[in-house]
Every structure is written in structure tokens, then in C-alpha cells.
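Here are the chains, one letter per residue:
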Amino acid sequence: WLNAVYALLDPYANLFLPTRKVVEKSYEGKRIRKRFDQARTPLQRLIESGALKPEMEHMLMAQFETLNPLDLHDQLEKIVARGPSAPSPEPPNQDLNSIFLPEGASCQVLLG
């Protein structure tokens, strides 16, 4: 059950959910004031960092363009609503891990 949840949650969170990162903390007495950067998805941050080789960037962008965030969210909601005691659902239509790491590849090979 948990593997099915993560198979959908990982691409949903990494490709479609923007997050804000703390860029500055300042202390004003007992208060902490935080300043955040603009919200971006982990994919956008990775591409902007320049750490990816071009072929891996193209693979990730192809995955981004083929996946539908609403479908991923709906599938995720259904699996979570069923809970872990329900029979295991069928795996997603495509093997998402094969898109992130080609057969026999390691992260060190893909990062520039």
C-alpha cells in the first residue's frame, strides 16, 4: 500500500507542488522573522541549479509534460482513502522510477 502511495506521491510532489525555501532569518528580540524565496517545484529548482546533464533534463521534462497532476492527485486520494488494510491496488500505468533513472544508471552518472 505504501509503495503505491509513494509511486504517485513522489512525481506529484517533485514535479507539480511548489514550495518556498527560507532565504533569511533575522532575530528581533524573541521573535524570529523569516524571509522566503519565490515558490518553485523541486524540478524547477533542480533545473535552475544546472546540476543535471541535458539528457536527464529532457527526460524529466518529458515526464512533466506527460503526467497530469489532477489524475495523480485523484489516484493518490483513492489509494489513501482505501487505507492499508484494503487489497493492494494495481501499480501505476507507467514505471515512474524508470523515467527518473534509466536502466543501469546511477545518480552520479546523471548529475553534471
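Residues numbered from 1 in each chain as written. Predicted model: local features only at pLDDT ≥ 70, side-chain atom pairs only at ≥ 80, totals over all residues. Heavy atoms only, no water.

A. Representation of the pairing of strand S2 (residues 31-36). Where strand S1 (residues 22-28) and S2 come together, 6 bridges link them in antiparallel fashion. Paired with Ser 26 across the bridge in S2 is Arg 33. The hairpin turn running from S1 into S2, its antiparallel successor, is 2 residues long, and Gly 29 in that turn takes a positive phi close to 70°. (Pairing = 2+ DSSP bridges. Helix = DSSP H or I, 4+ residues; strand = E, 2+ residues; numbered from the N terminus.)

B. Seen up close, the nonpolar core. Leu 8, Leu 15, Phe 16, Leu 60, Leu 67, Leu 72 and Ile 79 are the most contacted members of the largest nonpolar core, which has 14 residues in total. For this core, the secondary structure elements donating two or more residues are helix H1 (2-16), helix H3 (54-66) and helix H4 (69-82). With 6 residues, H1 is the largest single contributor of residues to this core. With residues near it in sequence (within four places) discarded, Leu 72 still touches Leu 8, Tyr 12, Phe 16 and Leu 67. (Core = buried A, V, L, I, M, F, W, Y, C linked by side-chain atoms within 4.5 Å. Buried < 20%, exposed > 50% of the residue type's maximum accessible area, 1.4 Å probe, protein only. Contact = heavy atoms within 4.5 Å.)

C. How the structure looks around a nonpolar patch on the surface. Together, Trp 1, Leu 2, Tyr 6 and Val 80 line one region of the surface with nonpolar side chains, adding up to about 360 Å² of accessible area. As for its placement among the helices and strands, Val 80 is situated in helix H4. (Patch = residues over 30% accessible without salt bridge, like charges linked within 9 Å, V, L, I, M, F, W, Y side chains within 5 Å. Areas by Shrake-Rupley, 256 points an atom, 1.4 Å probe, with all protein chains shown as cover. Salt bridge = Lys/Arg side-chain N within 4 Å of Asp/Glu carboxyl O.)

D. Fine view of the environment of Asn 14. Relative to the helices and strands, Asn 14 resides in helix H1. C-alpha of Asn 14 to C-alpha of Phe 64: the two residues are 50 residues apart in sequence and 9.7 Å apart in space. Leaving out residues up to four positions away in the same chain, Asn 14 has contacts with Thr 41, Pro 42 and Leu 43.

E. Molecular detail of the packing of helix H2 (residues 42-49) against H3. Axis separation between H2 and H3 bottoms out at 11 Å; the angle between their running directions is 155°. When the axis of H2 is compared with that of H3, the two are roughly antiparallel. The two elements H2 and H3 cross, and the hand of that crossing is left-handed. Where H2 abuts H3, its residues Leu 43, Leu 46 and Ile 47 lie against Glu 57, Leu 60, Met 61 and Phe 64. (Axes fitted to C-alpha atoms, helices over the stretch in contact; angles between N-to-C directions. Parallel < 35°, antiparallel > 145°, perpendicular 65-115°, else oblique. Left-handed = near helix turned anticlockwise from the far one by under 90°.)

F. Looking closely at the environment of Leu 43. By the element assignment, Leu 43 lies in helix H2. Judged by its relative accessible area of 7%, Leu 43 is buried. Measuring from C-alpha to C-alpha, the distance between Leu 43 and Glu 57 comes to 9.2 Å, with 14 residues separating the pair along the chain. Filtering out sequence-adjacent residues up to four positions away, Leu 43 remains in contact with Asn 14, Leu 15, Leu 60, Met 61 and Phe 64.

G. Examining the packing of H1 against H4 more closely. For the pair H1 and H4, the least separation of the axes is 9 Å and the interaxial angle reads 145°. Crossing handedness for the pair H1 and H4: left-handed. Here H1 contributes Ala 4, Val 5, Leu 8, Leu 9, Tyr 12 and Phe 16 to the contact with H4, which in turn contributes Pro 69, Leu 72, His 73, Gln 75, Leu 76, Ile 79 and Val 80. Among the residues forming the contact of H1 with H4, the class breakdown is 11 nonpolar, 2 polar and no charged. (Nonpolar A, V, L, I, M, F, W, Y, C, P; charged D, E, K, R; others polar.)

The values reported here are purely geometric and, on their own, carry no functional implication.
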